[in-house]
Amino acid sequence: MNTQELTEATLEVKQFMDIRTDKQIISFSLTGYFAYILVMGLLLAVGAVGTILSKIWGLFCYGYIWQTAPHFL
């Protein structure tokens, strides 16, 4: 994993947030901002799995993906 590129991207996000500090309704720290994005992603993933499992065709597709995923890995 190239940590230098990750560091550069993180610094760009920090710079982006620092420029807009006076325009933010709710001010986040850099860690808080990434935690907020993580929570949004987790909620989206849980909602998608819930939608897949709540429908008949979704359950079939979920089973198919679960069975074929190891072959792709």
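Counting its regular elements, the protein contains three helices and zero strands. Order of helices (α) and strands (β) in the protein, N terminus to C terminus: α-α-α. Within the protein, the proportion of its 73 residues that are buried is 4%. If you sum the accessible surface of the protein, you get close to 6700 Å²; carbon and sulfur atoms cover 70% of it.

Turning next to the packing of aromatic side chains. As enumerated under the stated definition, the model contains two aromatic pairs in all. Relative to Tyr36, the ring of Phe28 lies with its centre 5.3 Å away and its plane at 25°, an arrangement referred to as stacked. Under the relative-accessibility criterion, Tyr36 is labelled partly exposed at 42%.

Moving on: the packing of helix H1 (residues 3-19) against helix H2 (residues 30-54). Relative to each other, H1 and H2 sit at 105°, their axes nearing to 10 Å. Comparing their axes, H2 and H1 come out roughly perpendicular. Note on element contacts: H2 touches H1 through Leu30, Tyr33 and Phe34, opposite Thr10, Val13, Lys14 and Met17. Looking at side-chain class alone, the contact of H1 with H2 contains five nonpolar, one polar and one charged residues.

What follows covers the pattern of salt bridges. In this structure the tally under the stated criterion is one salt bridge. Lys14 is paired through a salt bridge with Asp18; the nearest N and O atoms lie 3.5 Å apart. Linking Lys14 with Asp18, this pair stays in helix H1, spanning four residues, or about one helical turn. By relative accessible area, Lys14 is classed as partly exposed at 39%. For Asp18, a relative accessible area of 45% corresponds to the partly exposed category.

This part covers the confidence of the model for the protein. Confidence in the prediction for the protein averages 79 pLDDT; 73% of positions are at 70 or higher. Looking across the protein, the model is least confident in helix H3 (residues 56-72), with a mean pLDDT of 63, and most confident in H1, with 89.

Another aspect to go through is a nonpolar patch on the surface. On the surface, Ile25, Ile26, Phe28, Phe34, Tyr36, Ile37 and Met40 cluster together into a nonpolar patch covering about 730 Å² of accessible area. When you line up the elements, Ile26 lands in the loop between H1 and H2. The class of Ile26 is exposed, set by a relative accessible area of 58%.

Cut-offs used in this document
By convention here, each chain's residues receive numbers from 1 onward along its written sequence. Whole-chain, interface and lining totals are the exception, using all residues; otherwise, since this is a predicted model, local features are given only for residues with pLDDT of at least 70 and side-chain atom pairs are given and counted only at 80 or more. Hydrogens and water molecules were not included; the side-chain quantities draw on all heavy atoms of the structure. By the criteria applied, helices consist of DSSP H or I runs no shorter than four residues and strands consist of E runs no shorter than two, each listed in order from the N terminus. Three exposure classes are used, based on accessible area relative to the maximum for each residue type with a 1.4 Å probe and protein chains only: buried under 20%, partly exposed in between, and exposed over 50%. Under the convention used here, a 1.4 Å probe and the Shrake-Rupley method define accessible areas, while residue burial counts only the protein chains that appear. By convention, a stacked pair of Phe, Tyr or Trp rings (six-membered ring in the case of Trp) has centres within 6.5 Å and planes under 30 degrees apart, an edge-to-face pair has planes over 60 apart, and any other such pair is tilted. Only the contacting stretch of a helix is used when fitting its axis, a line to C-alpha atoms as for every element, and angles between N-to-C directions run 0 to 180 degrees. Angle categories are assigned with fixed cut-offs, so that under 35 degrees is roughly parallel, over 145 is roughly antiparallel, 65 to 115 is roughly perpendicular, and the rest are oblique. Residue contacts are counted whenever heavy atoms from the two residues lie within 4.5 Å of one another. Under the scheme applied here, ten amino acids are nonpolar (Ala, Val, Leu, Ile, Met, Phe, Trp, Tyr, Cys and Pro), four are charged (Asp, Glu, Lys and Arg), and all others, including Gly, are polar. Every case where a carboxyl oxygen of Asp or Glu lies within 4 Å of a side-chain nitrogen of Lys or Arg is listed as a salt bridge. pLDDT runs from 0 to 100 and stands for how confident the predictor is about each residue. What goes into a patch is any residue over 30% in relative accessible area without a salt bridge, connected to like charges within 9 Å or, for nonpolar side chains (Val, Leu, Ile, Met, Phe, Trp, Tyr), within 5 Å.

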